[in-house]
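# Commentary on secondary and tertiary structure
Now for the letters of each chain:
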Amino acid sequence: LARFIFARMLAAVAALLSFTAPLASRPVAQRGAAVSMGEKVLSLDNMGLYSGKAAQKAPVRVLTRIEDLRVLTSLAEAGVLSAAEEAGVFSKLESAGAISQAEKLLPLADKLQVLALAETLINVPAGLLTAAAVALLAGEVGLIAAVPDDSAPLVALQLVSGGVAGLGAVVLLASGALFSALQSTD
């Protein structure tokens with residue numbers, strides 16, 4: 001009986017040692033050149049037809065174009081917002097004089113290229129904003145764990161930094177959700 005078990009174990013070890021894994025680093029089929037047909041990208045390889053990703057279109061830069069045309073300055077010079085304020089279009093804002101103040105700031109917004117900055121921020125991947133929110137919260141948890149609770153100023157520091165980090169994380173998550181909706185292709 002001992003010889004039988006020894007023979008079986010020896011056979012199992014020999015079978016395990018004789019196995020060689022396939023070479024994963026060397027592909028069996030080489031991919032050929034991609035052929036573009038309208039929106040789809042088709043590639044041919046040794047095994048047949050391969051349908052790849054859709055062709056990428058250049059993003060439309062609407063806000064940059066508005067800025068290039070200096071539309072904000074033109075609106076300020078034409079007095080469009082002041083005319084709307086005088087016509088009573090903006091009742092509550094009109095009583096505070098906010099429309100005329102905003103109209104005075106439009107040329108400054110053109111100079112500072114606020115629209116180009118907004119467009120750049122819209123193109124930030126939404127996942128990156130979500131990851132930044134998670135990292136901010138994780139860093140805050142680490143700070144709260146590292147700072148001792150033995151005095152009032154340190155507890156106040158924890159409260160203030162927790163509030164700021166929490167607010168920042170909420171803003172980042174909300175921006176990520178908004179940018180995800182703006183960046184979706186549906």
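Up top is the structure.
Predicted model only: the values in this text are computed from it and were never measured. (Residues numbered from 1 in each chain as written. Predicted model: local features only at pLDDT ≥ 70, side-chain atom pairs only at ≥ 80, totals over all residues. Heavy atoms only, no water.)

### Section: the overall build of the chain
Summing up its helical and strand segments, the chain has 9 helices and 3 strands in all. Helices (α) and strands (β) of the chain occur, in sequence order from the N terminus, as α-β-β-β-α-α-α-α-α-α-α-α. Buried residues in the chain amount to 16% of all 186 residues. Considering only intrachain contacts with a sequence separation of at least 6, the fraction spanning at least 24 residues in the chain is 52%. When the accessible surface of the chain is summed, it comes to about 14,000 Å², and 69% of that surface belongs to carbon and sulfur atoms. (Helix = DSSP H or I, 4+ residues; strand = E, 2+ residues; numbered from the N terminus. Buried < 20%, exposed > 50% of the residue type's maximum accessible area, 1.4 Å probe, protein only. Contact = heavy atoms within 4.5 Å. Areas by Shrake-Rupley, 256 points an atom, 1.4 Å probe, with all protein chains shown as cover.)

### Things to note about a nonpolar patch on the surface
Taken together, Leu69, Val71, Leu75 and Val80 make up a surface patch of nonpolar side chains, about 290 Å² in accessible area. Relative to the assigned elements, Leu69 resides in the loop between helix 2 (62-68) and helix 3 (71-78). (Patch = residues over 30% accessible without salt bridge, like charges linked within 9 Å, V, L, I, M, F, W, Y side chains within 5 Å. Salt bridge = Lys/Arg side-chain N within 4 Å of Asp/Glu carboxyl O.)

### A look at the packing of helix 3 against helix 6 (residues 98-111)
Remark: helix 3 packs on helix 6, axes separated minimally by 8 Å, with the N-to-C direction vectors making an angle of 155°. Between helix 3 and helix 6, the crossing angle belongs to the class labelled roughly antiparallel. When you trace helix 3 past helix 6, the crossing you get is left-handed. Residues Val71, Leu72, Thr73, Leu75 and Ala76 of helix 3 touch helix 6, and the partners they reach there are Glu103, Leu106, Pro107, Ala109 and Asp110. Among the residues making up the contact of helix 3 with helix 6, the classes are represented as 7 nonpolar, 1 polar and 2 charged. (Axes fitted to C-alpha atoms, helices over the stretch in contact; angles between N-to-C directions. Parallel < 35°, antiparallel > 145°, perpendicular 65-115°, else oblique. Left-handed = near helix turned anticlockwise from the far one by under 90°. Nonpolar A, V, L, I, M, F, W, Y, C, P; charged D, E, K, R; others polar.)

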